Amino acid sequence: MAAIDDLKNLLSQDIRQLETLVEILRQEKSCLSGSDSKALETLTQQKNAVLEEIRERAKQKIRLLVAMGFRPDSGEPSRFIRSAGLSDLYTLWHEADTKLRECHLLNENNGRIINHLQKRLTRLTDIFRGASNQQKLYGAKGQQTTVSSRTVLASA
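Given the structure is predicted, the values throughout are model-derived calculations rather than measurements.

Participant: In this structure, what is going on with the overall build of the protein? I would like to understand it.
Facilitator: Scanning the protein for helices and strands turns up four helices and two strands. When the helices and strands of the protein are placed in sequence order, the string is α-α-α-α-β-β. Looking at the protein residue by residue over its 156 residues, the buried ones come to 26%. For the protein, long-range pairs separated by at least 24 residues make up 58% of all intrachain contacts whose partners lie at least 6 apart in sequence.

Below is the structure:
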């Protein structure tokens, strides 16, 4: 069936690009640690290009699956592929999904680093502006909050 071969080809392309994306995300982490903004900008452009290609192929894969009888409201495509007995296709789908999850974790970690760097920059900016004289406490979720009259625990 041509649709199955097309799906296999699309998934193989996904796997190769997801491996590239893993490498980009690892380099991104390194640039974040070293504050290399020029390299970070280049990596961001590469990451966006790879993601756009993956998104386009996702649309193609869904169209092919629908042509094969898959209904998007019926659940995960992997269940449809498995139930159709397409083990080679299922193996590729699972490998692509595993790589995608790895990319997601790496990207989340990089996001946490960026968040930490932003907070650090904000604190430094506050110090330079002379606004750091306000006391801060940690809230229930671990975030810093400024002590005000509303957050006083007790008064005499």
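There's plenty left to go through after this.
Participant: Can you walk me through the side chain of lysine 61 in this structure?
Facilitator: Examined against the element boundaries, lysine 61 turns out to sit in helix α2 (residues 37-67). Among the polar contacts listed, one links the side chain of lysine 61 to the side chain of aspartate 14, at a separation of 2.2 Å. What lysine 61 contacts, discounting residues up to four positions off in sequence, is Leu7, Leu10, Leu11, Asp14 and Trp93.

Participant: What's the story with the packing of helix α1 (residues 2-34) against helix α4 (residues 87-129) in this structure? I'm lost.
Facilitator: As a packed pair, α1 and α4 sit with axes 9 Å apart at the nearest point and diverge in direction by 20°. Judged by the inter-axis angle, α1 sits roughly parallel to α4. Crossing hand, α1 versus α4: left-handed. Broken down by class, the residue content of the contact of α1 with α4 amounts to 19 nonpolar, three polar and nine charged.

Participant: Can you walk me through the nonpolar core in this structure?
Facilitator: Where a protein is soluble and globular, its nonpolar side chains tend to be buried together. Counting 28 residues, the largest nonpolar core has Leu65, Met68 and Ile81 as its most contacted members. It is α1 that contributes the most residues to this core, twelve residues altogether. With residues near it in sequence (within four places) discarded, methionine 68 still touches Ala3, Ile4, Leu7, Phe80 and Leu86.

Participant: In this structure, what is going on with the packing of α1 against α2? I would like to understand it.
Facilitator: In a packed pair of helices, the relevant descriptors are the angle between the two axes and the axis-to-axis distance. For the pair α1 and α2, interaxial distance at closest approach is 9 Å and the crossing angle is 160°. With respect to α2, the axis of α1 lies roughly antiparallel. Along this stretch, α1 crosses α2, giving a crossing that reads as left-handed. Residue composition of the contact of α1 with α2, by class: 18 nonpolar, seven polar and seven charged.

Participant: What's the story with a nonpolar patch on the surface in this structure? I'm lost.
Facilitator: Taken together, the side chains of Leu124, Ile127 and Phe128 define a hydrophobic patch exposed on the protein surface, amounting to about 350 Å² of accessible area. Residue placement: leucine 124 occurs in helix α4.

Participant: Got a minute to help me understand the packing of aromatic side chains in this structure?
Facilitator: What the rule picks out here adds up to one aromatic pair. Both rings, one in phenylalanine 70 and one in phenylalanine 80, keep their centres 5.5 Å apart while their planes meet at 55°; by these two values the pair is tilted. One end of the pair, phenylalanine 70, is in the loop between α2 and α3 (77-83); the other, phenylalanine 80, is in helix α3, and ten residues separate them in sequence. One exposure class covers both phenylalanine 70 and phenylalanine 80, and it is buried. The ring of tryptophan 93 has lysine 61 sitting right over it, with the charged end atom 5.6 Å from the ring centre.

Participant: Looking at this structure, how should I read the pattern of salt bridges?
Facilitator: Two side chains with opposite charge may pair up if their charged atoms get near one another. Inspection of every chain in the model, using the stated rule, returns ten salt bridges. Between aspartate 88 and lysine 8 there is a salt bridge whose closest N-O contact spans 3.8 Å. In this pair, aspartate 88 is assigned in helix α4 and lysine 8 in helix α1, connecting sequence segments 80 residues apart. Its salt-bridge partner being glutamate 56, residue lysine 59 comes within 3.2 Å of it at the nearest N-O pair. Taken as a pair, lysine 59 and glutamate 56 lie in helix α2 at a separation of three residues, close to a single helical turn. Residues joined in a network through salt bridges with shared partners are Asp14, Arg57 and Lys61.

Here is what the cut-offs are and how they apply
Positions within a chain are numbered from 1, following the residues in the order the chain's sequence is written. For this predicted model, a pLDDT threshold of at least 70 governs which residues receive local features, and a threshold of 80 or more governs which side-chain atom pairs are given and counted, while totals over whole chains, interfaces and linings are taken from all residues. Only heavy atoms go into the side-chain values, all of them from the structure, while hydrogens and water stay out. Helix and strand definitions follow DSSP, with helices as H or I runs of at least four residues and strands as E runs of at least two, each counted in order from the N terminus. Note on classification: 1.4 Å probe, protein chains only; a residue is buried when its accessible area is under 20% of the maximum for its type, exposed when over 50%, partly exposed between these limits. We call two residues contacting when some pair of their heavy atoms lies within 4.5 Å. Distance and chemistry together define a polar contact, namely a pair of N or O atoms within 3.5 Å, with one atom able to donate a hydrogen and the other to accept it when in protein, and with adjacent residues in sequence counting only for side-chain atoms on both sides. Axis angles are defined between N-to-C directions and span 0 to 180 degrees, where every axis is a line fitted to C-alpha atoms and, for a helix, only to the segment in contact. To sort the angles, those under 35 degrees are grouped as roughly parallel, those over 145 as roughly antiparallel, those from 65 to 115 as roughly perpendicular, and the leftovers as oblique. Note on convention: near helix rotated counterclockwise from far helix by under a right angle means a left-handed crossing. Clockwise means right-handed. Ten residue types, Ala, Val, Leu, Ile, Met, Phe, Trp, Tyr, Cys and Pro, are classed as nonpolar, four, Asp, Glu, Lys and Arg, as charged, and the remainder, Gly among them, as polar. Residues belong to one nonpolar core when they are buried, are Ala, Val, Leu, Ile, Met, Phe, Trp, Tyr or Cys, and are joined through side-chain atoms within 4.5 Å. In this scheme, patches are assembled from residues that exceed 30% relative accessible area and form no salt bridge. Like charges are connected within 9 Å, while nonpolar side chains (Val, Leu, Ile, Met, Phe, Trp, Tyr) are connected within 5 Å. Each accessible area is a Shrake-Rupley result for a 1.4 Å probe, and residues are judged covered by the shown protein chains and nothing else. We define a salt bridge as a side-chain nitrogen of Lys or Arg found within 4 Å of a carboxyl oxygen belonging to Asp or Glu. Stacked, edge-to-face and tilted labels apply to pairs of Phe, Tyr and Trp rings (six-membered ring for Trp) whose centres lie within 6.5 Å, assigned for plane angles under 30 degrees, over 60, and everything in between, in that order. Geometrically, a lysine NZ or arginine CZ counts as sitting over a ring once it is within 6 Å of the ring centre and also within 35 degrees of the ring normal.

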